[in-house]
Amino acid sequence: MKDERVLDQDNTTNSWADFLGFQFDPFKHLNASDDPHLGEYIVDLEKFIGAWESHPALIFAPAGGGKTTMRIYTYRTCWVGRDGLHPFPIQYYLPLINDHINWVDSLEKDLERAAAYALLLSLSFRPGRLKNVAAHVQEKVASFLSQSFGKNALLFYLSVLEQAMDPTVLAEQIDRAYTLPDTPSPDSVKDFCTTLSSYITKEGTKQKVSIEEIVDQIKNLVIGELKFDCIYLLIDGIDGFADSVNEPQKASEQINRFLEKTKDWAKKGIYIKIFLPEETEPLIKSNWWKSHIHWSLDSLAKVIKQRISVASGGKFGSLNGVSGPGLRNDYIEYILAQNVIPLPREIIFATQQLFKAYERRSNGVGKIETEDLDIALEKYREDIKRRHISLPNPVYST
Amino acid sequence: MVVSPKKQQLLNAFDSLRAEHEGEWLNDVYIRPDNFLSMAGTRSLVVFGGEGSGKTALRIALQHHSANQEDGAPLGIRWHPMAIHEEPRQIVQVFMKQMLDACAQELLYYSYKYPKALKNSMPWVQEATAWFVQTFFSGDWKFELERLNTEFQGSETDGLQALLSQNSRSILPSDSPSARIISQVSSIAKGLGIRGVRAYVDGMETWVDQDKEALIYTLKALLSTLALFEEPGFIIKMMVPRQLEEDLLSANSMIRRRWEIYELNWSSEQLTHILETRAGRMLDKASYKIKDLYSTKELQKWLQTYGGTSPRGWLELAHPLLEFQQSKKEILPLSQKEFSDVFYKYPPKLRIDLNLDKIYIGYGEITDLQPLAKKFLRYIYTQRNRTCSREDLYYKAHEGLATIPKSAKDDNWVGRPQWEKSIDTALYRIRQVIEPNPKIPVYLISDTGKGIVHLNNTW
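If you trace the backbone, Asn339(A) turns up in the loop between helix H12 (332–338) and helix H13 (344–362). Polar side-chain contacts of Asn339(A) include one of 2.8 Å to the backbone oxygen of Ile335(A).

What follows is the structure, given as structure tokens:
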């Protein structure tokens, strides 16, 4: 009976990575939000410069084509290695479980809550941003959070931070997409909690406000008081719902309603960056800046090469650096790219199979050989066959 | 057959062959399919398996494997899918409600079974656990606490009721997205030292028969909701009847690799191993081989023909043989006559799936019938409560007439010599394919001299 090694995505020790002298396994995570190194190996960034400029943007990509990766990267880019004036990113998730059929019907509540989570989680990772503002601003932040979450929920979140002394624990509870590298010291986290708690005295009365009032409140707090440059509202996941995934028409109607309602927000410094399935593009009525995530052989090969480079600390620039004589003259990334569905997750999956085949065969001796590549591609083909997917133009050559 | 009570009890274990009724001993005899360890990994997955392929046994084995890992067990919950006649959004809501209720039940039970886990956890974990149970337990959580307190009475559980009854703050709004609630459950589990949550989804066969389309719709709605598959600490393992495979593989999350796909298939070698292991365990023998029952080659061929590729099929077929063997004074392999006698006494049943137009004997599919022969067999099967004449077969089965013309004066009447031979040839061909010995038919029986046939041993 065949018994395969566990395809364990959470295995903390990766033998092949150790064998080949890598600092970590850059192919461990298929989900972008799980990868702490994501920001280090995003490819073709120059195409998406517009996504990080101060204007609204529509970014289109195929299913599995990297929308979430770009969204998370955009979030982290705003924070990592930047002090002072930079955009404040808010990750906005479209409502799933509520009674509203139209997303815009719950926009006030959803936007307020999204901004509150962004403030709480982002500032917990960078507590200095709260510490260095005036007391009245700190009070306004606390008041906003309390108004949005409710006093008790906010106190609970602060208790989690205080007890865990690590904002990663809170981010894992609420939204791991807010996880940032370089966690702050336990003392600074404690100070953060103490500061906010001191302003939470009573339950605020929630008044019904309009979406424009919410937008102004957020703008005044984040840009006016906390002195961020502007706000990026990062919207993703439109094709993650059962009732819109196969119906781009339906999804597009929702998006167009949303764009209509938010069309003037840019004037207030709130720039919406919305990551959309490419099927919706013909149906979206907007003249916003647009970009398309498209995966060519070159860009797919880069997905692998950059990961190899980062994980090896620059020692290797491609798979050839870790290949034996049988493969040394072949452009392995291109062979993989030619033989997978043209999406980054697919080539990462195929590369996972390559390293697993290497690990099983070699047990740490030698490097990647032709038979490992053969097995990897065979495993990949078996897998997509199981999924009843046809490879557009299967090619296999070494 | 006379079998001792002990042995009868043991043989009864071959009767049920429903994993959910087989108890703890299943773990001792379970043979892992290919890729078992991969299936047991930390990714959500769907396993497609045919009838009797062992989906439930696999689910139980995966649960057992998870529960016995050195680095701790996950929180295992079960969800029995049902056909939900709602919009996809509501389907997901119903699913979430049921899953979260199951999580709340398991958290309560876990807290009492391992009281130190909750007592020694951080205060926020205790509070979050209390909040979660009070919010998502669909029954009366206070009553359940009382019950558990009584069941697990002891000094170690002192204080648990108070911890779980505490007035907790409302941690998440009631209309929070499913992704957020799932993250919260995972965090609580992690805080209690539990290795995530595993949701096992099984038991869809009933719905496949009753309302297949609605079940497909329900499952597609779930599989298309990516938020359900993005939390690493929350993993769904779903066992699905193979009939649903084609429809489900069009779900969006398939292309995104949010979940792995496996097919539950068994080779003849594996099925032989399953039979030998189970028989050996049942008969208290350290090693039991198929040759101990009957000629290996013959028996394997017979099992492949009538057992198909299904563990249940092989075990059901083997049961009467084992029972007979154990009833003998001296336990020896069966002779050819004995084997034949048992077969004729307990033949595998013939069944036709009229929707899919497939013919089975036991669990083995019959594929060699010519179209005309198949047509006749189908007709006889639909009339299996009575006998069929040759006229029935010609006029009704072949010509599609509602009634048989009585004479040459009637429309559609055709002289007997023009069709009688083809009917006889078709019946001959049917017997050649389906009967183990066409000269001694088990299934298609002719009433000699009367020109009529009927089917025996059918489902």
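Residue and element names in this part refer to chain B. Taking 1.5 Å per residue, 15 residues should reach 21 Å; helix H20 (residues 420–434) reaches 21 Å between its end C-alpha atoms and fits that length. The complete set of buried residues in H20 reads Ile423, Ala426, Leu427, Ile430, Arg431 and Ile434. End-on view of H20: buried residues confined to an arc of 135 degrees, all on one side of the axis. Turned more than 90 degrees off the buried face of H20, the exposed positions are Lys421 and Tyr428.

This part is about the confidence of the model for chain B. All names here are of chain B. Within chain B, residue pLDDT values average 87, and 93% of them lie at 70 or more. Model confidence for chain B, summarised as mean pLDDT per element, is weakest for helix H13 (residues 252–255) at 58 and strongest for helix H7 (residues 123–136) at 95. Overall fold confidence (pTM) sits at 0.85, and the ipTM for the predicted complex is 0.84.

Looking now at the sheet that holds strand S3 (residues 197–201) of chain B. All names here are of chain B. Taken in spatial order, the five strands make up an open sheet running S2-S3-S4-S1-S5, and their pairing is parallel. Each edge of the open sheet is held by one strand with a lone partner, namely strand S2 (75–79) and strand S5 (260–264). Averaged over all pairs of adjacent strands, the angle between their axes in this sheet comes to 20 degrees, without regard to strand direction. In this sheet, strand S4 (residues 234–241) lies alongside strand S1 (residues 45–49) in parallel orientation, the contact comprising five bridges. Bridge pairing in S4 places Val47 opposite Met239. Helix-sheet contacts for helix H4 (residues 55–67) involve S1, S2, S3, S4 and S5, and the interaxial angle to S4 is about 160 degrees.

Residues and elements named next belong to chain A. Strand order in the open sheet formed by five strands is S2-S3-S4-S1-S5, and the pairing between neighbours is parallel. With one partner strand each, in any of the chains shown, strand S2 (88–93) and strand S5 (289–292) form the two edges of the open sheet. Each adjacent strand pair in this sheet contributes to an overall mean axis angle of 20 degrees, direction not counted. Two strands pair when backbone bridges link them, and strand S1 (residues 57–61) and strand S4 (residues 270–277) are joined in this way by five bridges, in the parallel orientation.

So, about the pattern of salt bridges. Taken as a whole, this structure holds 33 salt bridges over all chains when the rule is applied. Put simply, Glu205(B) and Lys55(B) hold a salt bridge, and the shortest N to O gap is 2.8 Å. Taken as a pair, Glu205(B) in helix H11 (residues 205–223) and Lys55(B) in helix H4 lie far apart in primary sequence, 150 residues in all. Looking at Lys55(B), the relative accessible area reads 5%, which means it is buried. The closest approach of N and O atoms between Arg147(B) and Glu144(B), which form a salt bridge, is 2.9 Å. In this pair, Arg147(B) and Glu144(B) are both assigned in helix H8 (residues 141–151), three residues apart and thus about one turn of the helix distant. Note on Glu144(B): relative accessible area 17%, which makes it buried. Here the salt bridges do not stand alone but share partners, grouping Asp383(A), Arg387(A), Arg43(B) and Glu260(B) into one network.

A word on unusual backbone geometry. Residue and element names in this part refer to chain A. Phi is positive for Met165, which is not a glycine, with a value near 60 degrees. The exposure class of Met165 is partly exposed, given its relative accessible area of 40%. One non-glycine residue with positive phi stands out, namely Asp182, at about 55 degrees.

This part is about the packing of aromatic side chains. Residues and elements named next belong to chain B. For the structure shown, the criterion picks out 35 aromatic pairs over all chains. Measuring from ring centre to ring centre gives 5.0 Å for Tyr394 and Trp419, while their planes differ by 5 degrees; the resulting arrangement is stacked. Here Tyr394, found in helix H19 (residues 390–398), pairs with Trp419, found in the loop between H19 and H20; they are 25 residues apart in sequence, far enough to count as distant. Here Tyr394 falls in the buried class, since its relative accessible area comes to 12%. The class of Trp419 is buried, set by a relative accessible area of 3%.

Next up on the list: the nonpolar core. Ranked by internal contacts, the top residues of the largest apolar core, which has 142 residues, are Ile90(A), Tyr157(A) and Phe132(B). It is helix H5 (residues 88–113) of chain B that provides the largest number of residues to this core, a total of 13 residues. Residues within four places of Phe132(B) in sequence aside, it is in contact with Leu100(B), Cys103(B), Ala104(B), Leu107(B), Phe137(B), Ile181(B), Val185(B) and Ile188(B). Ranked by size, the runner-up nonpolar core spans 73 residues in total, among them Leu37(B), Leu271(B), Leu321(B) and Phe324(B).

On to the confidence of the model for chain A. Residue and element names in this part refer to chain A. Averaged over every residue, the pLDDT of chain A is 84; residues scoring 70 or more account for 86%. Ranking the helices and strands of chain A by mean pLDDT puts helix H8 (residues 186–198) first, with 96, and helix H1 (residues 15–19) last, with 81. Note that residues 1–13 has pLDDT below 50 and, in this model, 37 contacts with residues that lie over four places away or in other chains.

Procedures and definitions
Residues numbered from 1 in each chain as written. Chains lettered and ligands numbered in written order. Predicted model: local features only at pLDDT ≥ 70, side-chain atom pairs only at ≥ 80, totals over all residues. Heavy atoms only, no water. Helix = DSSP H or I, 4+ residues; strand = E, 2+ residues; numbered from the N terminus. Polar contact = N/O pair within 3.5 Å; in protein donor to acceptor, adjacent residues only side chain to side chain. Expected span 1.5 Å × (residues − 1). Buried < 20%, exposed > 50% of the residue type's maximum accessible area, 1.4 Å probe, protein only. Arc of directions from axis to C-beta. pLDDT = per-residue confidence, 0-100. Pairing = 2+ DSSP bridges. Axes fitted to C-alpha atoms, helices over the stretch in contact; angles between N-to-C directions. Contact = heavy atoms within 4.5 Å. Salt bridge = Lys/Arg side-chain N within 4 Å of Asp/Glu carboxyl O. Phe/Tyr/Trp six-rings, centres within 6.5 Å; stacked < 30°, edge-to-face > 60°. Core = buried A, V, L, I, M, F, W, Y, C linked by side-chain atoms within 4.5 Å.

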